[in-house]
Amino acid sequence: MKLTDTITYKLLAAQRKVRQAVEQDFAHVGITLDNYITLYHIYENPGINQIELAILNDKDKNVIVKTLDRLEKEGLAVRKRSDNDRRAFTLSATEQGVALIKKHWNLLFKRQKKSFDVLTKSEQATLLELLSKVIDNEICRNAARDTK
């Protein structure tokens, strides 16, 4: 078997190609895909703290701090000292951030349609189900490893 025939290679190649296409779609928006995703997580989880956001984003907390600095500077999100824990901050999207999320949400779905229109609706559902199983399996493995 060749490397290019492995599931790992195919998943990484598909991820790279789709990500490049989505980043091109977002290039005119003035926000990176990673920042958009982070802003979306904040929008969907008002009051989330930085540690929870780092876990949700699967990013190092230092990377999240830099991302939050950018989002705050652009007026898209705000940090507020937590009422429950003076060391922590809660996060929320600003009106400008919410407007950006809503205005450009369709970019992700348009790209999904373009990228996956070679698959039937049933194949798309199966792909989503299978990818979810792989992701859940890796999350469980990492959790088990972290508790040792």
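Residues numbered from 1 in each chain as written. Predicted model: local features only at pLDDT ≥ 70, side-chain atom pairs only at ≥ 80, totals over all residues. Heavy atoms only, no water.

1. Examining the packing of helix α2 (residues 33–44) against helix α5 (residues 95–116)
- The geometry of α2 relative to α5 is characterised by a closest axis approach of 10 Å and an angle of 120 degrees between their N-to-C directions. If you check the angle between α2 and α5, you find them oblique. Classified by chirality, the crossing of α5 by α2 is left-handed. On α5, the residues touching L33, Y36, L39, Y40 and Y43 of α2 are G97, V98, L100, I101, K102, H104, W105 and L108.
- Across the contact of α2 with α5, the residue classes tally to ten nonpolar, two polar and one charged. (Axes fitted to C-alpha atoms, helices over the stretch in contact; angles between N-to-C directions. Helix = DSSP H or I, 4+ residues; strand = E, 2+ residues; numbered from the N terminus. Parallel < 35°, antiparallel > 145°, perpendicular 65-115°, else oblique. Left-handed = near helix turned anticlockwise from the far one by under 90°. Contact = heavy atoms within 4.5 Å. Nonpolar A, V, L, I, M, F, W, Y, C, P; charged D, E, K, R; others polar.)

2. Some words on unusual backbone geometry
- Positive phi is not limited to glycine here, since D58 has a value of about 55 degrees.
- You can see D58 is positioned in the loop between α3 (50–57) and α4 (61–73).
- On the basis of relative accessible area, D58 is assigned to the exposed category, the value being 70%. (Buried < 20%, exposed > 50% of the residue type's maximum accessible area, 1.4 Å probe, protein only.)

3. Quick notes on the sheet that holds strand β1 (residues 48–49)
- Reading across from one edge, β1-β3-β2 is the order of the three strands in this open sheet, with antiparallel pairing throughout. Each of the sheet's edge strands pairs with one partner strand only, and the pair in question is β1 and β2 (77–81).
- Sheet analysis places β2 next to strand β3 (residues 89–93), joined by five bridges and oriented antiparallel. Paired with R79 across the strands is L91, a residue of β3. (Pairing = 2+ DSSP bridges.)

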